[in-house]
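Summary of the model geometry
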Amino acid sequence: MDSLLTTSLTLAQDTRLEAFAGVTLYHYLFVSATMFSLGVIGFLSRRNLIIMFLCTEMMFQAAGIALIAFSRYWLNHTGEVFVIFVLTIAAAEAALALALVVYLFRRKSTLDADAWMELKG
Amino acid sequence: MIEKLQIIHPEMALFAATCIVLLIGLSGRSALRSACAPLTGVALLAAAWLGLQSPGADSELMQGMPFPGLLPYAKTLIALIGLLILPMLAGTVDRSYEKAVERGEVYNPMRSTRGEFYAFFMLSLIGVMLCATADDLIWLFLALELTSLPTYIMVAMSTSRLRSQEAGVKYFFLGAFGAAMFLYGFALLYGATGSTFLSEIREAMAEPGGAGPMAMLGLVMVIVGVSFKIAAVPMHFYAADVYQGAGTTVAAFLAFAPKAAGFFTLLILLGAVGWTHGPNGDALPPELRVILWVIAALTMTIGNTLALLQTSVKRILAYSSVAHSGYMLVGLIAGPGAGSIASNGLAAMLFYLLCYGVMTTGAFAAIAALERRAADGGREEIDSIEDLRGLCRVYPLVGWSMVVCSLSLLGLPPLLGFFGKLMLFTSAISAGEIVLVVVMGLNSAVAAFYYLRLAGYPLLEQRHDEAESPTLTPAPGRRLAACVAAVGVVALVVFISPLQRASHEATQLTPLPAVVEVKPASEAEVARR
Amino acid sequence: MSLWTHIPGAFSTLAATGVDAGVVDIEMGRPLFLLIPALPALAALLCGLYWALGVKSKFPAWTTVAALAGSFAVTLVAYFEIAAPGLTHVVHGFRWINIAFGAAGGERMLFVADFSLYIDSLTVLWMLFVTGLATLIALYASEYMSDDVGPGYCRFFFAFSLFVVAMACLVMGDNLLMLFLGWEGVGLCSYLLIGYFFKKPSAVNAAKKAFVMNRIGDLGLMIGIMLAFLHFGSLRYEEIFAQVAILQQDGGDLAWTIKAIPYLLLVGAIGKSAQLPLFTWLPDAMEGPTPVSALIHAATMVTAGVYLVARMYPIFLLTPESLTLVAWIGGLTALVAATIGMAQYDIKRIMAYSTVSQLGFMFLGLGVLTSVGAAFHVFTHAFFKAALFLCCGAVMHGFAGQLDLRKLSGVQFMKGWGIVGVAMFVGCINLAGLPFTAGFFSKDMILAEAFTTPGFTALGVIALLTAGITAYYTFRVYFRVFLGPQHFEPGDELHGHDEHDHDDSHGDDGEAKTHDDGHAHDFHPHPPGWAINTVLVVLAVGSILAALAYVFPRETGGWVKGLISTSSAAGAAHHDHEASFFGLGDPHKVMYYVSGVIALVGIAIAWWLHLAGRTTAATSRADAIKQKIGPVGRWAERKWYFDEIYDFLFRYPLLIFSHIFYLFDKLVIDGLVDLFGRSPRSVGAGVRPTQSGGLQNYAMGMAGGLAFIIVVAWLVVWRMSS
Amino acid sequence: MTLLMLILIPLLGAAVIAFSPERQAKWLCLAWSLIALGAAVYAAFTFNWMERTGAFQFSASWTWIESLGIELSLGADSVSMLLILLTALLAPICALASFTAVQERQKLYYSTMLVLFAAMTGVFAARDLIFFYLCFEFTLAPMYVLISQWGSSNRKAAATKFFLYTFTGSIIALAGLVYIAWKWTQIGDGWSFAISDLEIAASQMSMFEQGWVLLALMVGFAVKVPLFPVHTWLPLAHTEAPTAGSVILAGVLLKLGTYAIYRFVLPFTPLAIQEYAPLIAVLAIIGIIYTGLICWVQRDVKKLVAYSSVSHLGFCVLGLMALNTIGAAGSVMYMVNHGLSTGALFLCIGMMYERYHTRSLDEVGGLASRMPVWAFFMVFFTLASVGLPGLNGFVGEFMCLLGTFQSGAVDFPGGTTGPLGPWYAIAAASGMIIAAIYLLYMVGRIVFGPLREPSDHHAHPVLPTDLNLREIGILAPLAVLCLGLGVYPTPVLRSLEAPINRVGVIAGFHDIEAPGSDETAPAHTLVLVPEEAWP
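Nothing here was measured: the structure is a model prediction, and the numbers come from that model.

How each quantity is defined
Residues numbered from 1 in each chain as written. Chains lettered and ligands numbered in written order. Predicted model: local features only at pLDDT ≥ 70, side-chain atom pairs only at ≥ 80, totals over all residues. Heavy atoms only, no water. Helix = DSSP H or I, 4+ residues; strand = E, 2+ residues; numbered from the N terminus. Buried < 20%, exposed > 50% of the residue type's maximum accessible area, 1.4 Å probe, protein only. Contact = heavy atoms within 4.5 Å. Areas by Shrake-Rupley, 256 points an atom, 1.4 Å probe, with all protein chains shown as cover. pLDDT = per-residue confidence, 0-100. Axes fitted to C-alpha atoms, helices over the stretch in contact; angles between N-to-C directions. Parallel < 35°, antiparallel > 145°, perpendicular 65-115°, else oblique. Nonpolar A, V, L, I, M, F, W, Y, C, P; charged D, E, K, R; others polar. Core = buried A, V, L, I, M, F, W, Y, C linked by side-chain atoms within 4.5 Å. Left-handed = near helix turned anticlockwise from the far one by under 90°. Buried area = accessible area lost by both parts, 1.4 Å probe. Salt bridge = Lys/Arg side-chain N within 4 Å of Asp/Glu carboxyl O. Polar contact = N/O pair within 3.5 Å; in protein donor to acceptor, adjacent residues only side chain to side chain. Patch = residues over 30% accessible without salt bridge, like charges linked within 9 Å, V, L, I, M, F, W, Y side chains within 5 Å.

Each helix and strand in chain A was counted, giving four helices and zero strands. Listed N to C, the secondary structure of chain A is α-α-α-α in terms of helices and strands. Here chain A holds 121 residues, and 40% of them are scored as buried. Across chain A, contacts joining residues at least 24 apart in sequence account for 51% of those joining residues at least 6 apart. As displayed, chain A offers around 6,300 Å² of accessible surface, 68% of which is attributable to carbon and sulfur atoms.

See the structure below:
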């Protein structure tokens, strides 16, 4: 595994994509990690439930990016398959989330996450 | 290929029932609608029976799985605990609506949620079973999500009060947050090993240097992410709020199903890493061991200490659920041991899961069986510990069930919980985790305080005001569940040996060729079987 | 019949040490002698039964008298069979405490403390006067306690009989543990009888004080017993004496353990015999009924200390320094108690201090190696002091509890009091040591020995001085109470009557009611009846006749000497005192004159101060002297503040410690426990803010937790790699 | 089977009571406890007290949890049998003592009590560590119920403290016990919790391990005893408990701790105990003196007796720490004796409390003139507690002290090996004086002195002023036993030799040879056998 992190193996095995020749696994992982972190930060800082949910989606997709990158790195399709399932789940969650949000909005007429603080202690 | 489906026969049975229940839940005939629960029961029974028939360690199909013998135990356990929870569910949703219909209101399928509720219940159980069945990270991910997603809805719909919605929103959002964590961990794990097949991951890890930083980071993230399912530190925050907000019956379900899913996940994943590291070659890799150690210790301590301060029974049980996760982690840390049953921490964990399932379901069922006058004049489920006063005298069955289950949760011999803890003790001491055992012991003592309250209020206190005191709900199934659980807590003591043997067989780790040399004792043990 | 068989040799300890039979020839005694303790035990049982059945007659008294008389008769048999021929017999009763253990050497040993009797002349001597006096005093008490007929009467005689049982165990036990059984048993009976009037707080306190102070002594005794066992591997006299005999023959350095034994036993003896510094309980013990004071606190129980030293004399003789200590303790106690006795007004207390003082004489005698003198003094003292107490009791009984010598006068010549007066006189001359009385001879033996033993002259002087003081205060009582103008004031209590349970006493006394509000004008003293008079006569005659025991039989140098010389206390035989005393010839003869003169001088002073020209009961010439010497008299009256000093030194500090400990226990120890118990709650309360209910706060916690755990994992990796 | 019956009879009784009418509960409880007592007496008569190898009798074993090596294994030597008899004796006494005192929820009360007695019997009969522990721990629950349901004003806190304190301690002890069992897996075949196996396993432990195991075990058992400084739960629990609860607590429950020390600490940590016995002994001695003095300043008579229990049990632990036969035998005697005399004292206090509703020494006093029969018993049992020779307390106390005294004095004929010595005994013996001070203080105030009754005192609606026949019937057997054991303890002591020898050989009391089996002795009780035939 050290080799993975120490050699700057080019992901763009296909030399036709010259534009990506310098792009390594690292870059993808970096993007992925950044997205994940942004998702976390967004989740923690935004008040609106919908936006918070979108942030979790962003975290999911960060994982998706990493999966695709690894898939390419390992030259198998497992990661890509995984991503498809992730997308499916994300869609399911989105449906659930929106249903829930609508339901909540009906009850309290607000989407502020801090409106729900009755239970504590 | 078709014979491979044997592995998921129980799931298939449940899924078929799910589809039917979804349909008949919409039926205009109330008799048909009310068949949802019995049908679910039949399906669970079938699943339990099929679970017993699942391919075991001797089956061709299971070769290559880390725990080839896991399926029969896991699936039967899940189905049976589901069967125990099922009677409680009656009346959780639609009760008032069904009454209205009886009074003559025109039935509107769009308003009925009964079918969905039972369907979600079964779907979630399917998810748990699939977790135990998984041989692939993708499968595992899907199974975990399948476990969780229905429960989000169950929580939100369990009562019509705002609290349930609050619980739902917290549970869902934090759940998604946690799911993202373990998903990312899966991605890293895949990245480190190049495969999502657990058997291949296992081989990769067993190679020298296989368990590198990225794999470890991935595992750590998975562990933390899955901690959400088992309500362990640092992902335990939601537990109390959600349990309290959710209807009691759903809370009971939450206390068991996601936890079981989480522990099966951890079992399988850590099985892929193997307890072949450490200085003596009989432990997890040190970094994993240490973080699990920290998580276990903190989980017990925080769960128990927070429970001390509560007056809401559901919150107490929620924090107790947190604490029990900590106990079970001890078994996971101890690992499979050197062959004998009592040294097998994984078996101890699975056995404890069984004990915990029975005990906690009993306790939840006892409080679910009661209701009191709400502020708005209707009836609501009880929550405050004050409502338990003098229960044994008024409703002896419910009261004594509460007492017995609380004492068992406390770990008082000769009840079931004690033997669960004892096996954790023996395995942890075999693994040399003496400090952890002491921490666990002290935590049990701390926990004794609030369990004593839970047992003492029904048995020893007196009711203040008869008019304001809780009465039984019209759903007899809840009483039944409580009694069955209480009887189980007492009676299963007789069957501890076969149960532990089963859990031992379920946790036989397939040795890796490379590992064999490190663990001669284990090899000898396996060879003898 | 196995119970009656002698202990087979295999069972006794230390068969391996090869000790032969020892200095005395020991045989199996007849089981008959077990009746000596058994008869009183039966009586005690019966009295208990009477109590349970609610007997309201003098049945308990007659039962007790009969049993004790039987006991006395058996003792007489023992005298003729065993003591008179100078034999030693062991009678095996039953196995009390037996257990086998492995000694350090590896052999299997048996710890034996059986209920067996060791009967030699010393034992018999003691038991003769114990059972004899007990019989007489029980007879006396049958009348004295007659106001209490009913539950109290049963209780009294129960304890009385039990006392004799315990005393028999003490004196006749064949091992130290049985001695301890009796030792504590007499302490118990003393406790019960001092506290007989249990409604009086002073009686209850006195009883408690007696028991506790005795326990202090008992502690020493117990440690001594354990040390003896450690050293000798046995508690049986037979074996101890055999080993001591060997040690004596071998000479050489003694182990510290054996040197410490006599001192520890002495502590026990001091407690029981009310010697310095543990004497303060005895005067307070006068709260008990007078027969009790006579029997227990004058004649018998308090001499147990003397008995212990005499019985274990061989061990004391191994460490002569211990005997020096015995002598000094005895001499000083004698003096201190006598000085206090001079200043008291309560006649029973005077007698109590005189008892302490006389016990001091006995210790002195033991210390200066005249165990014969000590034993003889015990013997004579038992008679005359019993007589004195019983006379005081008769007075007290007759004058409604009046004991203040300033409020009684001329009793001798009141109607019906003649016998009491005469008996009192006989007792007084004995105590004062008037020539040719028994007390005179026995005291002389000790005095002479004190003067002639090198290094003890100072003690001799002290003792002589004490003898003078004794004569003074003895006759002070006699002159004030029995002679002079006739006058009396009744006491403020009628003993017994106020002890009746008011709830169930409606039936039995119209008479008592008149007594209750009785004042001097309608009070008539009631003189003693036949039982009291009989007993007083017997005792007075006995006191006089006891002098004969000094002389006859001639061949053994007196009866007591003959008895002692065949017992283990015969240690003094080794000691040859000087044939000359200040160049005046046989010291005993010299001492006759010296002490006779001293006694007469004391009596004369008493006459001058308390009788000559006295016209009232309350005042005398002595008062002027008391005025002159100022506070000293008051100090003496207040017992030289011993009680206060003890309270200050021991009781209050202990009490303060107790309070401190209790506070410490509640606050610190239990506080720590509670703190510990609350700490989980505090942790919970500390963690609780994290459960704020805010969704994003939770998410923050989760993300932070993830980060934390990653850091932990990284730290582990980093630590492993470095 | 006999022992199993002894455990099952009370349990069955409890079940019967649970399903019978409330009014019959007390009679049923009495009947069942008498049956249990009868069975125990029968067992005592068939028991061979003369067994010279210290072997366990009535041994029976049923496989229970094979996977953990746990068996339902029973057996008794004379130490166990004595304590079982004590337990069985106290059962009817406690039942009778509650006839008028307990009016509420009688079914629960009497069945709880019988369950408790079953559990306590189980502790003494267990030959399997887990079965022992199971009974040991389970006693907490019924006792908790007894205290917190029928106790005095502060009962909840007291019961909780009792439960949590002892539970905490014993769970640590469990860790130690499991560690020894694990040690067995290293030398034996698989897991076993049979005590006989673990005695072997324990000998394989290093000094270091034994030290820690000793600590763990003592944490658990010292709390139960209770040893200074972990005693504070006891005065509270005693004060708040109902009379029968106090009797059980003092009579048997505390003995579970000392019994466990005797049965487990000594044989399981033979090296460490030699090393640390002085330390434990010092704690015991501090407890004797310190709590003794505390007794002296109590105003609540029950609390006074409760503290005195702490003080007394110090002797018991001290005797065990002497690590020689006399000390251990004395300690066992002390367990029985303390159970009888202190239990009886609590009964007396309970009878007074029932009539006066106060236990304060400031409010009542001089009751001898009101209740002479009661006063007799009170004084009698106080004297037994004080350790008056001729009564039972003395035998145990003296032997504990003597054992301590001779322990380690190897140069003397009466000495044995051992870690203590005369100074320990002398320090502890000062407790004799203190006991006299505080117990006579108590008697002096409450029994003797001028009559004091609470101003609002009314006659009890049912009970007479003095004791009734039932109450006398409760106390009289105890008094007879106190006297009997004080006057003729030898048969009991002789029967203790062999089991103590057995433990001693394992625990390395070096004063003991291996018990010989060649000594032939006639069967059955010593009392019935001529003395010549005694070993």
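This paragraph deals with the confidence of the model for chain A. In this model, chain A carries an average pLDDT of 83, and 83% of its residues clear a pLDDT of 70 or more. Long-range and interchain partners of residues 1–16 of chain A, a stretch whose pLDDT sits below 50, account for 34 contacts in this model, where long-range means more than four residues apart.

Of note, the bond from Leu276 of chain C into Pro277 of chain C is cis; its omega dihedral lies within 30 degrees of zero at 0°. For the peptide bond that leads from Val225 of chain D to Pro226 of chain D, omega is -10°, which places it in the cis range. With respect to the element layout, Pro226 of chain D can be found in the loop between helix 9 (207–224) and helix 10 (233–240). For Asp94 of chain B, which is not glycine, the phi torsion reads 70° and is therefore positive.

All right, on to the packing of helix 3 (residues 78–97) of chain D against helix 4 (residues 106–125) of chain D then. Residues and elements named next belong to chain D. Running from amino to carboxyl end, helix 3 crosses helix 4 at an angle of 175°, the nearest separation of the two axes being 9 Å. Considered as vectors, helix 3 and helix 4 are oriented roughly antiparallel to each other. Residues Ser80, Leu83, Ile84, Thr87, Leu90, Ala91, Cys94 and Ala95 of helix 3 pack against Tyr110, Met113, Phe117, Met120, Thr121, Phe124 and Ala125 of helix 4. Residue composition of the contact of helix 3 with helix 4, by class: 12 nonpolar, three polar and no charged.

Here we come to the nonpolar core. With 721 residues, the main nonpolar core has Phe264 and Phe419 of chain B, Phe111 of chain C together with Trp374 of chain D as its most contacted residues. If you look at the next biggest cluster of nonpolar residues, it comprises 17 residues, including Ala334, Ile446, Leu459 and Ile462 of chain C.

How two helices pack is summed up by the angle between their axes together with the distance between the axes. Residues and elements named next belong to chain D. The geometry of helix 12 (residues 270–296) relative to helix 17 (residues 422–446) is characterised by a closest axis approach of 8 Å and an angle of 20° between their N-to-C directions. In terms of orientation, helix 12 lies roughly parallel with respect to helix 17. Like other packed secondary-structure pairs, helix 12 and helix 17 cross with a definite hand, here left-handed. Contacts between helix 12 and helix 17 pair Pro278, Ala281, Val282, Ile285, Ile288, Ile289, Gly292, Leu293, Cys295 and Trp296 from the former with Tyr424, Ala427, Ala428, Ser430, Gly431, Ile434, Ile437, Tyr438 and Tyr441 from the latter. Among the residues forming the contact of helix 12 with helix 17, the class breakdown is 16 nonpolar, three polar and no charged.

Moving on to the interface of chain D and chain C. Contacts between chain D and chain C engage 78 residues on the former and 68 residues on the latter. The junction of chain D with chain C conceals about 6,500 Å² of combined surface from both sides, 72% of it contributed by carbon and sulfur atoms. Scanning the region where chain D abuts chain C turns up two salt bridges. Residue Asp670 of chain C is joined to Lys161 of chain D by a salt bridge in which the shortest nitrogen-to-oxygen separation is 2.5 Å. Our count for the chain D to chain C interface comes out at 21 residue pairs in polar contact (both at pLDDT 80 or more). Residue contributions to the side of chain D that touches chain C peak at 12 residues, all from helix 17 of chain D.

Let us now look at the interface of chain C and chain A. Often, the extent of an interface is quoted as the loss of accessible area on bringing the components together. The partner chain A presents 15 residues to the 11 residues of chain C that form the contact. Taking both sides of the interface into account, the surface hidden between chain C and chain A amounts to around 920 Å²; carbon and sulfur atoms contribute 63%. The three residues of chain C that bury the most area against chain A are Gly693, Leu695 and Gln696 of chain C, which together make up 51% of that side's buried surface. Put simply, chain C and chain A have zero salt bridges between them. Considered class by class, the residues forming the side of chain C that touches chain A number five nonpolar, five polar and one charged.

Moving on, we come to a nonpolar patch on the surface. Nonpolar side chains collect at one region of the surface, where Ile645, Phe648, Leu649, Phe650, Tyr652, Ile656, Phe657 and Ile660 of chain C lie side by side and expose about 840 Å² of accessible area between them. By the secondary structure assignment, Ile660 of chain C is in helix 26 (residues 642–687).

Sorting the five pairs of chains in contact by contact count puts chains C and D at the top. Nothing in chain A touches chain D, and the closest approach of their C-alpha atoms is 24 Å.

Residues and elements named next belong to chain C. Tallying each qualifying case throughout the model produces 42 salt bridges over all chains. Notably, a salt bridge pairs Arg215 with Glu184, separated by 2.7 Å at the nearest N-O pair. One end of the pair, Arg215, is in helix 6 (residues 201–232); the other, Glu184, is in helix 5 (residues 176–194), with 31 residues separating them in the sequence. Its relative accessible area of 2% is what places Glu184 among the buried residues. Of the charged contacts, one joins Arg236 and Glu238 as a salt bridge, the two residues approaching to 2.6 Å between their closest N and O atoms. You can call Arg236 buried: its relative accessible area is 3%. Because the salt bridges share partners, they merge into one network encompassing Lys209, Asp284, Arg349, Lys639 and Asp643.

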